[in-house]
Amino acid sequence: MKNETVIILDFGGQYKQLIARRVREQNVYSVILPCDASIETIKAYNPIGIIFTGGPNAVYMPDSPMCSAQIYLLGIPMLGICYGMQLMCHMLGGKVESCVSSEYGQTQLELKNTGCPIFKELSGSQTVLMSHTDMVTKLPEGFISAANTASCLNAAVYDEKRSFYGVQFHPEVEETKRGKEILHNFLYEVCHASGDYSMDDYLKTTVDEVRAKIGNEKVILGLSGGVDSSVCAAILSKAIGEQLICIFVDHGFMRKNEGDEIESVFSKRDLKFVRVDASERFLSAISGISDPEKKRKTIGRLFVEVFEEQASKFNDAKFLAQGTIYPDVIESGANHTATIKSHHNVGGLPEHTRFSGIVEPLRGLFKDEVRNLGRLLGLPDFLVNRQPFPGPGLAIRIIGEITREKLDILRDADAIFREEMKRSRVKASQYFAVLTDLKSVGVMGDFRTYDYTVALRAVKTNDFMTCEYAPLSHKLLKKVSSRITNEVKGVNRIVYDITGKPPATIEWE
Ligand code: XMP
């Protein structure tokens, strides 16, 4: 049985994924569709509600994104957010004009006593996030205003008879203090959702679907130990057991003990696990290369080569599995593309014509849902909560040429930093050590040293597209510095990277 679904129509707003996640958090399944999705596509989902996202355009400009006008005739409840509200009002005969003064940031919203269902249990003044330069100045027929701010007369509007709702503010962001309740009211009071979406259900349905699709055939999965490929392996092993062959190409650029940890988790599961120790091959291919792009390309090419060699040993496998997740699907813009994506993100696999199909059991999930599913499947915390780790691994955290000695130094230094970060419980989205190519003079005991400088990197970010450095305490930095210089031979200086992105990137290469 299909879950009740809410469609999020994308008008280019930066919060579309957040809206979709907020809906799912309330146990209602959601999908994001482009704003010009055909009415047939929309109807095929049999949605219980439709949400219009915000967007950067002005509805009265000629090329602004629109939706099909027939959407208003479907009899489905709708919620327009920001641009979405303006568009709804504009298309239904209202008027949208430029504001005298734009509103950005947290604002006080004054609720009118209209009994508007999306504000059930809320009254008076509310803190909301506004971000707009246009506003609805004339309401379409049948609409009334439910709230205003000091400079926006129609900050929330609705037509209860047709179940059309519009809010000028963003209920999906944390800055809107009671945004969750407003979305909850829309879903449960207006769309009458039953809340039938949960990870347990997703797991059951997906396991059934995978079994039906695969039958008795074999499936190959490239396992990197990252969250997505690990959860993909766990769900497939639950569905098809030993018909699943996981190939873990160990390029030798993993962090301390990581290869063994991954092996110990998956070799205990009901699946066929192949660990290929290709570290010698990778090290010799990369030796003498210091250009970052050349390193990435060399590793990417070789990764594909080794994976192909191993996969060809299982030439009876009909399916290739991938840990593609929903943000990949949305960003690629093509809903049913068969593009093969490498789990290592280090090059992308060429077309495998011999595979007759692709299995992507996580295709509908956001990252936090993938983590929840991983927990449900009994994967250990270190895998489920794993920070992003670049496909080329430590090779791009060693500046300049890579040698075995440098890899050992970095592994040890990185392990100490991660251990102390974990112990301190500091909140950072990603943290690691980098081995710079810089040697400098130091003194240890009575001896002069000439050793490497290790840089520590810890960042705070929501999306990894931008970041700020994490303000670590001096006490913690001192402890890490002292431990690394004492415990790791070959390092005599530690620096902390205090750059954000931009202008830097998170990784050093
Ligand atoms: P940058 O360095 O571009 O990194 O600010 C942003 C995020 O992406 C990760 N990253 C990679 N992930 N393959 C990956 O799978 C790569 O080649 C790669 N390079 C960077 C990085 O760790 C950070 O989380």
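Above this text you will find the structure in question.
Thresholds applied
Residues numbered from 1 in each chain as written. Predicted model: local features only at pLDDT ≥ 70, side-chain atom pairs only at ≥ 80, totals over all residues. Heavy atoms only, no water. Helix = DSSP H or I, 4+ residues; strand = E, 2+ residues; numbered from the N terminus. Pairing = 2+ DSSP bridges. Axes fitted to C-alpha atoms, helices over the stretch in contact; angles between N-to-C directions. Contact = heavy atoms within 4.5 Å. Buried < 20%, exposed > 50% of the residue type's maximum accessible area, 1.4 Å probe, protein only. Parallel < 35°, antiparallel > 145°, perpendicular 65-115°, else oblique. Left-handed = near helix turned anticlockwise from the far one by under 90°. Nonpolar A, V, L, I, M, F, W, Y, C, P; charged D, E, K, R; others polar.

What follows covers unusual backbone geometry. P502 follows K501 through a cis peptide bond whose omega is -10°. Here the residue pair P502 and P503 is connected by a cis peptide bond, since its omega of 10° sits within 30 degrees of zero. As for its position among the elements, P503 is in the segment after β18 (491-496). Despite not being glycine, F464 has its phi angle at roughly 65°, a positive value.

In spatial order, the strands read β12-β11-β10-β13-β14; together these five strands make up an open sheet with parallel pairing. Lying at the two open borders of the sheet, with one neighbouring strand each, are β12 (272-277) and β14 (357-359). For this sheet the average axis-to-axis angle between neighbouring strands, irrespective of direction, equals 30°. As judged from the three bridges shared by strand β13 (residues 317-321) and β14, these two strands associate in the parallel manner. Within β14, the position partnered with F319 by the bridge is G357. Across the sheet, helix α7 (residues 258-266) is in contact with β11 (244-250) and β12; its angle to β12 comes to roughly 165°.

Bringing the pairing of strand β4 (residues 78-81) into the picture now. Residues M78 and G80 line one face of β4 and the alternating positions L79 and I81 line the opposite face, and both faces are buried. Where strand β3 (residues 49-52) meets β4, three bridges bridge the pair, whose relative direction is parallel. Bridge pairing links I51 to L79 in β4. By the bridge criterion, four bridges tie β4 to strand β9 (residues 164-167) in an arrangement that is parallel. What sits directly across from G80, in β9, is G166.

Our next topic: the packing of helix α8 (residues 279-286) against helix α9 (residues 292-311). Interaxial distance between α8 and α9 falls to 10 Å at its minimum, and their mutual angle equals 150°. Our classification of the angle between α8 and α9 gives roughly antiparallel. The hand of the α8/α9 crossing is right-handed. Contact with α8, carried on its side by R281, F282, A285 and I286, involves K295, T298, I299, L302, F303, E305, V306 and E309 of α9 and no other residues of that element. For the contact of α8 with α9, the class distribution of residues is seven nonpolar, one polar and four charged.

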